Amino acid sequence: MRAELFEKFHTRFGCPPEILSRAPGRIEFIGNHTDYNGGTVLGAAIDRSVWVALARRGDGRRRFASDGRDGDVTVSADRLEKLSGPPSWANYPLGVLAALPEFGLRAPAGFDYLAASDLPVGAGLSSSAAIELASALAFLAVTGQQPPRDTIVQIGRRAENDFVGVPCGILDQGVSGFGRKDHLVFIDCRGPRFKTVPLPPGAHFWIFNTHTRHALVDGLYAARHRECMAAAMAMGVEFLAEASPAALAAAAGRLSRLAGMRARHVIEEIARVGATVGAVRQGDLAAVGRLLTTSHRSSQTLFENSTPELDFLVDALVAAPNVHGARLTGGGFGGAVMALTSEIFGEAQACSVADAYLEKFGARPDRLHVQTGDGAELLRG
Ligand code: ADP
Ligand code: MG
């Protein structure tokens, strides 16, 4: 991809790029809706990325192009406004440019910019964080600035939250920024603090994207957020992460049935994240898989953010040989399922799961075999 992008940039803009950067997509490994509850979450950077090539130009124009999109988007460096319609993909790099001064950093003036990617867009693998982080690294390198990695992660999140307007948590950018091949990224969302945990050999990941999305998903997210905050308040804590399972049992009489279910999911899910770190450190992938599947069951029955499609895939996967465990990955209410498998699980098995799904739901989910990969990096510059 690196050599290819270099060539494409040259052909498109008539000069070689000064900078090349890359940032990976990610999977949410375990920790469902724990982030805004002040909890912990585990993710993994994957071996699929967005690449950015960049070269300065002297006329104060910023020209954005992407492999996946037709045409260029050209804006003047003295105008930083949100775009709408087909050029709106450029809001991700524009959002990064808008965020830089908020962190005391300079944005480059005019440049030519080209993005390329082997990461599916909108599949829950966070191509948005990948394009943000690859862009941030390129803009920082071309202006000779080297802030700490935490800052780069926060810049990406600020771009997405404030400029693009998507209220994502820190998982996406944190994992893209701190990912490491053969490791998970552990995030304590209060802080936030990041560390990596080595994975035992032989962990393979399969993603099944259903392309379904609940029509009311934004409202459902907001409702879950409200329910969690109300449960925390009823338990006398600021965030559910501060409450133990024992505190939940003691508070049972003060919580509505629904609040109790949401709180139990979050509190137990945070405990599962901790247990997963322990099982990973012991090299016990079978135990890790059981925790993943238990996480899904909790989403299904307590947090109620699963769907019949996701449940069907999880059931089919956990019944199959060579699968350690499976769960919905991402916010839920549609989207994708992730399975942790041994290396023996292959295309034929994945296909038979997809065939069964096709028979029931009349559409075939996309299948993607991924492994862990390294976090965002500068490749030239
Ligand atoms: P996800 O992050 O799960 O892939 P999002 O909806 O959060 O889905 O982000 C996808 C958006 O990010 C795309 O619609 C596009 O605007 C932008 N994007 C991601 N990758 C690229 C790319 N290679 N080229 C142009 N835009 C991209
Ligand atoms: Mg995204």
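Residues numbered from 1 in each chain as written. Chains lettered and ligands numbered in written order. Predicted model: local features only at pLDDT ≥ 70, side-chain atom pairs only at ≥ 80, totals over all residues. Heavy atoms only, no water.

Here the domain parsing of the protein yields domain 1 (2-198) and domain 2 (204-370). On a C-alpha basis, the centroid separation for the pair domain 1 and domain 2 is 27 Å. Counting each side, the surface lost to burial between domain 1 and domain 2 is near 2700 Å², with a carbon and sulfur contribution of 66%. Glu28 is the partner of Arg327 in a salt bridge, and the nearest nitrogen-oxygen pair spans 2.7 Å. For the pair domain 1 and domain 2, the interface holds 13 residue pairs in polar contact (both at pLDDT 80 or more). Elements supplying a minimum of two residues to the side of domain 1 that touches domain 2: strand 1 (19-30), strand 2 (40-56), strand 6 (183-188) and strand 7 (193-198). Considering each element in turn, the side of domain 1 that touches domain 2 owes the most residues, six residues, to strand 2. Its residues placed into classes, the side of domain 1 that touches domain 2 shows 14 nonpolar, nine polar and four charged. (Domains from an automatic or database assignment. Buried area = accessible area lost by both parts, 1.4 Å probe. Salt bridge = Lys/Arg side-chain N within 4 Å of Asp/Glu carboxyl O. Polar contact = N/O pair within 3.5 Å; in protein donor to acceptor, adjacent residues only side chain to side chain. Helix = DSSP H or I, 4+ residues; strand = E, 2+ residues; numbered from the N terminus. Nonpolar A, V, L, I, M, F, W, Y, C, P; charged D, E, K, R; others polar.)

Now for the side chain of Asp311. Within the secondary structure, Asp311 sits in helix 10 (residues 308-318). It turns out Asp311 is buried and unbridged, and the closest side chain with the opposite charge, Arg297, is 5.2 Å from it. A distance of 2.5 Å separates polar atoms of two side chains, one belonging to Asp311 and the other to Ser306. Among residues more than four places away in sequence, those in contact with Asp311 are His296, Gln300 and Ser306. (Buried < 20%, exposed > 50% of the residue type's maximum accessible area, 1.4 Å probe, protein only. Lys, Arg positive; Asp, Glu negative; His and termini not counted. Contact = heavy atoms within 4.5 Å.)

Quick look at the site of ligand 1 now. In the vicinity of ligand 1 there are 14 residues, among which Ser66, Gly122, Ser126, Ser127 and Ser128 approach most closely. At a separation of 3.2 Å, an oxygen atom of ligand 1 approaches a polar backbone atom of Gly124. Within the side chain of Ser128, a nitrogen or oxygen atom sits 3.0 Å from an oxygen atom of ligand 1. Contact with the protein chains covers 79% of the free accessible surface of ligand 1, which is 560 Å². Counting residues per element, the shell around ligand 1 draws most heavily on helix 3 (residues 127-142), at three residues. Grouping the amino acids of the shell around ligand 1 by side-chain chemistry returns six nonpolar, seven polar and one charged. (Near = heavy atom within 4 Å. Areas by Shrake-Rupley, 256 points an atom, 1.4 Å probe, with all protein chains shown as cover.)

Attention now goes to the layout of surface pockets. Counted as a void, the second largest pocket has a volume near 170 Å³. What lines the second largest pocket is Leu137, Leu140, Ala141, Gly144, Gln145, Gln146, Pro147, Arg149, Ile152 and Leu378. Broken down by secondary-structure element, the contributors of at least two residues to the lining of the second largest pocket are helix 3 and helix 4 (149-164). Looking at the lining of the second largest pocket, the element that brings in the most residues is helix 3, giving three residues. Looking at the lining of the second largest pocket residue by residue, the class counts come to six nonpolar, three polar and one charged. (1 Å grid on protein atoms, 1.4 Å probe; cavity = no way out; pocket = protein on both sides within 12 Å on 5 of 7 lines; lining within 4 Å. Points joined across faces, edges and corners; volume = space filled by probe spheres on them.)

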